[in-house]
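Examination of the molecular architecture
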Amino acid sequence: MLAGLLGLTAYFLPLFQSSATPLQTSGGGLLNPISGPTQPFTVLLLGSDDDTKFAQDQYNTQSMILVRVDPANKQATMLSIPRDLWVPIAGQGYTGKIDTAYQKGGVDSAIATVQNNFHVHIDDYVWIGLKGLVKLIDSMGGVNIVVTNPVMDGFYPNDLDGSNPYGYYRVALLPGPVHLDGVHALQYVRSRHGDLRGDFARSERQQQLLMAMKAQASRLSISDLPDLARAMNGEVKTSISLDRMRALFSVLGQYNGSAIHRILLGPPYTSEGWADGQSVVFPDWDRILPAVQQSFP
Amino acid sequence: MIKVATYAVLIAAMVAFGFGVYRVAGAMKSDAGHAVRPSSTTGVALPYTMYVTQSGALYQFKGGQFKQITGDNGWTEPSASPDGTKLVVVSKHLNYSDLYLLSPDGQVKAQLTHHEAASIEGNHWGFLPRFSADGTQVFYSYDNTDPYGSSYRADLAIFERPASQGGGAVQWTDPNQYTGGDTYPVPLREGGLLYTRYLIDDKSQVHSQIRLVPERGAAGLALTAPAGDCEQPALSPDQTSIAMICRHGSTQSTELVLASIDTGTGVIGHESVLVTGQMAAAPAFSPDGKTIAFLAPVQQGGPFQLWTVPAVASASPAAARPITQNVALDSGSAPVWIR
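None of these values were measured; they are calculated from a predicted model.

Moving on, we come to helix 5 (residues 182–190) of chain A. All names here are of chain A. Where burial is concerned, most of helix 5 is hidden: seven out of the nine residues are buried. Among the residues of helix 5, those classed as buried are Gly182, Ala185, Leu186, Gln187, Tyr188, Val189 and Arg190. Considering only its buried residues, helix 5 is in contact with helix 4 (130–139), strand 7 (143–147), strand 8 (151–157), strand 9 (168–173), strand 10 (176–180) and helix 6 (198–217).

Given below as structure tokens:
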């Protein structure tokens, strides 16, 4: 018995080590513990370019997706927040692009900014950087995606491993169903230069990737968790405990695509314009808030 | 002494048992991402000869056996000449790709295009080559320089060039701007062309549409509705049937659809769904036109495998059968099936 336990402990050691590393908010502790996988809960997903262009942990959040999971009704909603949305930044005393909240005030400011502007309650957050996403997808064995149109980008950032974080290279992903590894999945959700819809198309592809990851996660077993923990160690920050993460994966595995409601804040919810000499996205709160309150009660 | 030996045996047994538990836990991992080289496995034997790609290498599939015929260095999207004596294959690199002529056993015979440039912006892509019906020309997708000077626009258009070294390329289609462009050319015996165009509607949704253009520069006809989101057309050898991949607004699954087609008028007949609820991709007819090969995962989220389904409208989705089980084929490369 003891020998068996030792064997299991050795196998799951990366998981225990990962549990011991900071998986908390900068303020410490869970934001708002939920009682279990039966209560609806809302998670803020944050994605950042964390290359050497930026100081340690002072990143913009290029991707902000609010996810509400309702386990009892097997429903989920994903709301993509445009990174250039022009809003008051919580605790920082200025109005700016919402993607600067994390850079200026950390995850607490990012969460408070979304809560204050969208009138929602956030239970947990997950932050992931570029390499973290690549490692996560690779450790899942890649993802299957239906590419809807050619993704062509002549100026894709070469900042993952390159010595020059301002370098670039050309990307071409052809349409149709494909299996993508981490690097190519990152290209898919990060490219925007060759698409008429710019950041809107990118938000749509990011939601699509989440759906694909959900499908892939349903193939994983508990024995895959050490590999995942090893891959994410130091690359992902979250307030979700590993136990709850496992429950979340389990819940999501039971969802089919039609049970996941996807919201993108393109026109007429938002409009493009200029503020403080920057190209920004202005919110129409009279349209946004009723839609948000309906999906995030 | 006996006591010490007993303890030693017990400790050894405990270590062995602990190690066994460790190995068993590891063996319970999912097979996510696990795939083998085609040449180290077998598939169901099919008639004729087929070519597929995996991880930058070209494989010949004959009698249920795979044989790797190129190195793992960026080979993808093969297509065969009408007489089966030549292959035109894409060699993909960082920033550019070129078209090459290969022999059926994988030997390079000629480099058709030279898209590499000293500056990153000066590079070009060449994708999805197909021989003309007489084998003298190659049609392919190419990212022409934007005529309006935008360095951000990199839309693909369909071009035609000789299937031999030398000679210039001419443009056949004018893609919708900033959609990614036109793809999947299929030259017709009469001289026209099928291809896939992409469009963005007033709700910012992307659609794909199969079109027929009777001659270079002509406006062409839409064969499918935007709402069908159809692409990747494949024609039967007698050009009376079309197989295509349609997604009907979904980004999670596709359908393999078969229909009759009149390539003279561009009229498509009743559409029959041969495969649904999967990520079916890259259809190709057998040389006798009786079977369609395609690529799709066997399990949700799994790597793409080779499948076949009878090319008859009455075929039920259950008639589709996997030919391979554990290879991860490149779903961007339609199987090349020749006599």
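Contacts between the two partners involve 60 residues from chain B and, on the opposite side, 49 residues from chain A. Roughly 4600 Å² is buried in total at the junction of chain B and chain A, and carbon and sulfur atoms are behind 61% of that figure. One can count one salt bridge joining chain B with chain A. Across the pair Arg170 of chain A and Asp143 of chain B runs a salt bridge whose closest N-O atoms are separated by 2.4 Å. Seen at the junction of chain B and chain A, the total is 13 residue pairs in polar contact (both at pLDDT 80 or more). Every element with two or more residues in the side of chain B that touches chain A is listed here: helix 1 (2–27), strand 8 (126–131), strand 12 (183–187), strand 13 (193–200) and strand 16 (230–235) of chain B. Here the residues of the side of chain B that touches chain A sort into 26 nonpolar, 25 polar and nine charged.

The terminal C-alpha atoms of helix 6 of chain A, which comprises 20 residues, lie 29 Å apart, in line with the 28 Å expected from a rise of 1.5 Å per residue. Counted residue by residue, helix 6 of chain A has 19 buried out of 20 residues, so it is predominantly covered.

This part covers the packing of aromatic side chains. One pass over the structure, following the stated rule, counts 13 aromatic pairs over all chains. Between the aromatic rings of Trp125 of chain B and Phe127 of chain B, the centroid separation amounts to 5.4 Å while the plane-to-plane angle is 20°, which identifies the pairing as stacked. When its relative accessible area of 2% is taken as the criterion, Trp125 of chain B is described as buried. With a centroid separation of 6.4 Å and an interplanar angle of 70°, the aromatic rings of Tyr140 of chain B and Tyr142 of chain B are classed as edge-to-face. What makes Tyr140 of chain B buried here is its relative accessible area of 3%. Here the aromatic residues Tyr59, Tyr102 and Trp127 of chain A are joined through ring pairs into a cluster of three or more. One cation-aromatic arrangement involves Lys237 of chain A over Trp127 of chain A; the distance from NZ or CZ to the ring centre is 5.1 Å.

Before going further, it helps to examine the packing of helix 5 of chain A against helix 6 of chain A. All names here are of chain A. Interaxial distance between helix 5 and helix 6 falls to 7 Å at its minimum, and their mutual angle equals 140°. For the pair helix 5 and helix 6, the contacting residues are Ala185, Tyr188, Val189 and Arg190 in the first and Arg202, Arg205, Gln206, Gln208 and Leu209 in the second. Grouping the amino acids of the contact of helix 5 with helix 6 by side-chain chemistry returns four nonpolar, two polar and three charged.

To continue, consider the confidence of the model for chain A. For chain A, per-residue confidence averages 83 on the pLDDT scale, and residues scoring 70 or more make up 80% of the total. For residues 18–30 of chain A, every residue scores under 50 in pLDDT, and the model assigns this stretch 25 contacts once sequence neighbours within four places are set aside.

All names here are of chain A. Inspection of the secondary structure assignment puts Trp274 in strand 13 (residues 270–275). Separated by 37 residues in sequence, Trp274 and Lys237 place their C-alpha atoms 33 Å apart. Every residue in contact with Trp274, bar those within four places of it in the chain, is listed here: Ser279, Val280 and Phe282.

The rules behind these values
Residues numbered from 1 in each chain as written. Chains lettered and ligands numbered in written order. Predicted model: local features only at pLDDT ≥ 70, side-chain atom pairs only at ≥ 80, totals over all residues. Heavy atoms only, no water. Buried < 20%, exposed > 50% of the residue type's maximum accessible area, 1.4 Å probe, protein only. Helix = DSSP H or I, 4+ residues; strand = E, 2+ residues; numbered from the N terminus. Contact = heavy atoms within 4.5 Å. Buried area = accessible area lost by both parts, 1.4 Å probe. Salt bridge = Lys/Arg side-chain N within 4 Å of Asp/Glu carboxyl O. Polar contact = N/O pair within 3.5 Å; in protein donor to acceptor, adjacent residues only side chain to side chain. Nonpolar A, V, L, I, M, F, W, Y, C, P; charged D, E, K, R; others polar. Expected span 1.5 Å × (residues − 1). Phe/Tyr/Trp six-rings, centres within 6.5 Å; stacked < 30°, edge-to-face > 60°. Lys NZ or Arg CZ within 6 Å of the ring centre and 35° of its normal. Axes fitted to C-alpha atoms, helices over the stretch in contact; angles between N-to-C directions. pLDDT = per-residue confidence, 0-100.

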